[in-house]
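# Structural overview for review
Take a look at the letters that make up each chain.
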Amino acid sequence: MTSARSMSWQRRISRPSGGFPSKCRPGLRWQISSLALYRNPPHAFVVKFKDAGNDYKETERVVRWPGYDGEITLTEQLSLPGKVHAAEVWREARRRQLETIYRPDTYEVTQDGAVRTATRGDAIALSHDVLSRVQVAARVKSVQGALVEIDDVVSMTAGETYAFRFRVFETNEDAIGISVVRTVRTAPGETQILTLTGVGPMPLVGDLVHFGPAAVESCTQIVTRIEATQDMCAIVRTVDAAPQIDTILAATEIPAWSSRVGSEIDENLLQPSAPRFVAVTSGLAATGVANRVSYAIAPGSGAVPTASFVIAHRVTGTSAWAEISIPAANGGGNLDMYAIGQSVDLRARGISATGIAGPWSATIAIIVGAGDADLPAALDDASISITTLLGGALIQFATGDDAATARVQVYRSMTNLLDRETDAVGAPIAVVPQQSYSTTLGDTTRTNLISGGAMSSAAAWTPGPGWAIAAGAATHTAGDAGDLSQPMSAASGKYYRIGYQVSGRSAGSVQARLLGGSDRPGTAVSANGPARDRIQAATGNDTFALRASADFDGAIDDVAVYLETTACLSAGTHHVWIEPQTADGVPGPISGPYTLEIV
């Protein structure tokens, strides 16, 4: 596509005097225009795809805009149909971003003739003084040795290097040719006689040639579309070739992806999670030695196992840390090198079986001989309440009388394995003893667009053949296919999340749909239990329906439909943990996991 052979379109574009002709005449190429797109790019593209690494279940990948490192608050949906591999999704999304950056202009040229060798996707060389004032396109009038006479006047400046581009055909059957660039001897001033330097092919009389400063004698373009006109001409649309797109893309490392987690693998997932000090004690009563510091340590709960610990210690206020290594199976150890009354800092990190070091834990300070270090106590499980909402959740908890608990960190993951480095939700919440607090996950502003979803009344529903609403359920009797529907306004192009319960089913299926205008079907459900769906609305959708097949013999209740936003939690099972911490971030016993089912 970018080889020399593909640079096959070399035409002179000119504007005849007296305006544009009504009929293209041989040799004329005219009417060039360009359209520049200026836009404020989003912080990231969001690409929904069916992940081949997770049994083709739908998920989404967030691809940051090149150079943007801040918080992602502005996103744009990007559709990549047919892409099912996470690495390919990321690469194609990044390519779109680079194309937006490096191909902002679209060019349109009218060219005479009904037949041409350039087709969609070809790389071509385009010359026109509208694109660059230093470019000249002309025809060869005569050739004598290294001298070439052209039918236009060119101007050269002393000290500048100039080049000459033309096509050479290898055989009589060669319709494309090879694009050749030869350097031209600089002759300051205006001239029609050019002297080619070096050794190489020469143009023939009548050939089209591009002249200009070396490396910019032509603009390399990619053909995006060719449209035939009624007067035996063609409108050729192009964009900048921008070879740096491929160069940048080849040099960019694609972030690792976990299909199990459904997100990019942070670098921390390649190393053990930070360990946690379970207890730190000092003094004769606690350890049996007056100046001893004893510690118990537990590995982090990430996916990468911890094989050993590195324990770093120092006198508080000094800069140099001393380090010792212990097997993870030891679970702790002793330090006997400090004097009674000294303040000692402790921190630890995990080492994987392959020797990769994890992040350091929070630093703990203890006075040698003074007893236990202050570590936060566990929160009372009875004080924790988590309420599942449409698109999110509400978390409420209360602190006890433990003075060491200065803040609380909430974690969330779509797996039941906690990784503190990747699963933290925002910053820790500052707390004081014996107070109540609340926080949210996802978008808690969503409301159910369905009336009577609990099926306690049939007033809001229109039951079709086979449907009846009674005793808190909508039941369909096998025999006739039919819709259970009600009016619901839907915005075209927006996605709507759908959830309902299926029970008593032994045959057939039921399917959520958006009706009115274009019928938008969801996924047919043929099993008892909770059902989730996601449908993109089309123009004219004004009705929600549950369509039962003729043989469906089950019941439906707890119907919910809401408009999806980018802040909504992903549909599926989420796990939540709540952890007390000291003011320095030293963690205490964690509570959880608590399970959420998000529609």
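These remarks concern the structure in this document.

Conventions we followed
- Residues numbered from 1 in each chain as written.
- Predicted model: local features only at pLDDT ≥ 70, side-chain atom pairs only at ≥ 80, totals over all residues.
- Heavy atoms only, no water.
- Helix = DSSP H or I, 4+ residues; strand = E, 2+ residues; numbered from the N terminus.
- Rg over C-alpha atoms; globule rule 2.2 N^0.38 Å.
- Buried < 20%, exposed > 50% of the residue type's maximum accessible area, 1.4 Å probe, protein only.
- Areas by Shrake-Rupley, 256 points an atom, 1.4 Å probe, with all protein chains shown as cover.
- Lys, Arg positive; Asp, Glu negative; His and termini not counted.
- Charge placed at Lys NZ, Arg CZ, Asp CG, Glu CD.
- Polar contact = N/O pair within 3.5 Å; in protein donor to acceptor, adjacent residues only side chain to side chain.
- Contact = heavy atoms within 4.5 Å.
- Expected span 1.5 Å × (residues − 1).
- Pairing = 2+ DSSP bridges.
- Phe/Tyr/Trp six-rings, centres within 6.5 Å; stacked < 30°, edge-to-face > 60°.
- Lys NZ or Arg CZ within 6 Å of the ring centre and 35° of its normal.
- Axes fitted to C-alpha atoms, helices over the stretch in contact; angles between N-to-C directions.
- Salt bridge = Lys/Arg side-chain N within 4 Å of Asp/Glu carboxyl O.
- Left-handed = near helix turned anticlockwise from the far one by under 90°.
- Nonpolar A, V, L, I, M, F, W, Y, C, P; charged D, E, K, R; others polar.
- Core = buried A, V, L, I, M, F, W, Y, C linked by side-chain atoms within 4.5 Å.

## Some words on the overall build of the chain
- Helix and strand counts for the chain come out as four helices and 40 strands.
- Relative to the compact-globule value of 25 Å for 599 residues, the chain shows a C-alpha radius of gyration of 35 Å, a clear excess of over 25%.
- The buried share of the chain, reckoned over its 599 residues, is 42%.
- When the accessible surface of the chain is split by element, carbon and sulfur atoms take 51% of a total near 28,600 Å².
- Mean positive and mean negative side-chain charge positions of the chain (48 and 59 charges, respectively) differ by 8 Å.

## Structural notes on the side chain of T399
- If you trace the backbone, T399 turns up in the loop between β25 (392-398) and β26 (407-413).
- Among the polar contacts listed, one links the side chain of T399 to the backbone nitrogen of Q434, at a separation of 2.9 Å.
- In this structure T399 touches L379, V431, V432, P433, Q434, Q435 and Y437, once residues within four positions along its chain are discounted.

## With respect to helix α1 (residues 86-102)
- In this model, α1 (17 residues) spans 24 Å end to end at C-alpha, consistent with the 24 Å of a helix rising 1.5 Å per residue.
- Of the residues making up α1, those classed as buried are A86, V89, W90, E92, A93, R94, Q97 and L98.

## Let's talk about the pairing of strand β19 (residues 308-315)
- Most of β19 sits inside the fold, with seven of its eight residues counted as buried.
- Two elements, β19 and strand β20 (residues 322-327), share six bridges in a ladder whose sense is antiparallel. In the strand pairing of β20, F309 is matched with I326.

## Here's the deal with the packing of aromatic side chains
- Evaluated as defined, the whole model comprises seven aromatic pairs.
- Both rings, one in F277 and one in Y295, keep their centres 6.3 Å apart while their planes meet at 85°; by these two values the pair is edge-to-face. Linking F277 in strand β17 (residues 276-283) with Y295 in strand β18 (residues 289-298), this pair joins segments that are 18 residues apart in sequence. Each member of the pair, F277 as well as Y295, is classed as buried.
- Taking 6.5 Å as the distance between ring centres and 45° as the angle between the ring planes, the aromatic pair formed by W467 and F552 counts as tilted. A residue pair is termed long-range when its members are at least 10 positions apart, and W467 in strand β30 (residues 467-470) and F552 in the loop between β37 (543-548) and β38 (555-563) qualify at 85 residues. Taken as a pair, W467 and F552 share a single burial class, namely buried.
- Cation over ring: R347 sits above W360, and NZ or CZ is 4.1 Å from the ring centre.
- The side chain of R534 reaches across the aromatic face of Y495, ending 3.6 Å from its centre.

## Notes on the sheet that holds strand β2 (residues 44-51)
- Taken together, the three strands give an open sheet; going across it, the order is β3-β2-β4, and neighbouring strands pair in mixed fashion. Two strands in the sheet have a free side with no partner beyond their single neighbour: β3 (57-64) and β4 (75-77). Strand-to-strand twist of the sheet, defined as the mean angle between neighbouring strand axes without regard to direction, takes the value 35°.
- Alignment of β2 against β3, held across eight bridges, turns out to be antiparallel.

## What to know about unusual backbone geometry
- Omega for the peptide link from G592 to P593 comes to 5°, which places this bond in the cis form.
- Relative to the assigned elements, P593 resides in strand β40 (residues 591-598).
- Despite not being glycine, D558 shows a phi value in the positive range, around 55°.
- In this fold, D558 is placed in strand β38.

## A few points about the pairing of strand β9 (residues 162-168)
- With six of its seven residues buried, β9 lies for the most part within the structure.
- Pairing of β9 with strand β10 (residues 178-184) involves seven bridges; the strand directions are antiparallel. The residue bridging Y162 from the neighbouring strand is V184, located in β10.
- As defined by bridge partners, β9 adjoins strand β12 (residues 208-213) across four bridges and the pair is classed as antiparallel. Paired with A163 across the two strands is G212, which belongs to β12.

## Section: the pattern of salt bridges
- Inspection of the entire model under this criterion finds 20 salt bridges.
- The partner of R547 in a salt bridge is D483, and the shortest N-O contact between them spans 2.7 Å. With R547 in strand β37 and D483 in strand β32 (residues 482-487), this pair connects stretches of sequence that are 64 residues apart.
- For R547, a relative accessible area of 28% gives the class partly exposed.

## So, the packing of α1 against helix α2 (residues 244-251)
- Relative to each other, α1 and α2 sit at 145°, their axes nearing to 10 Å. Classified by chirality, the crossing of α2 by α1 is right-handed. Across the interface between the two elements, R91, R94, R95, L98, E99 and Y102 from α1 touch Q244, I245, D246, I248 and L249 from α2.
- Across the contact of α1 with α2, the residue classes tally to five nonpolar, one polar and five charged.

## What about the nonpolar core?
- In terms of nonpolar packing, the biggest core is built from 27 residues, with Y500, V510, F544, I556 and V559 touching the most fellow members.
- Those elements giving two or more residues to this core turn out to be β30, β33 (495-503), β34 (510-515), β36 (529-536), β37 and β38.
- Apart from residues lying up to four places away in sequence, I556 is in contact with M455, W467, A473, A474, Y500, Q501, V502, V510 and L546.
- Judged by nonpolar contacts, the second largest core, of 19 residues, contains V293, V344, L346 and A373.

## Considerations on the sheet that holds β40
- Overall, antiparallel pairing links the four strands, which are arranged β27-β26-β39-β40 in an open sheet. Lying at the two open borders of the sheet, with one neighbouring strand each, are β27 (429-430) and β40.
- Note: β26 against β27, two bridges, orientation antiparallel. Residue pairing in the sheet places V408 in a bridge with I429 of β27.

## Topic: the environment of P275
- Positionally, P275 belongs in the loop between β16 (263-264) and β17.
- The class for P275 is buried, based on a relative accessible area of 4%.
- Considering only alpha carbons, one finds P275 and A454, 179 residues apart in sequence, at a separation of 46 Å.
- With residues up to four places along the chain from it excluded, the contact list for P275 reads I297, A298, P299, G300, F309, A348, R349, G350, P359 and S361.

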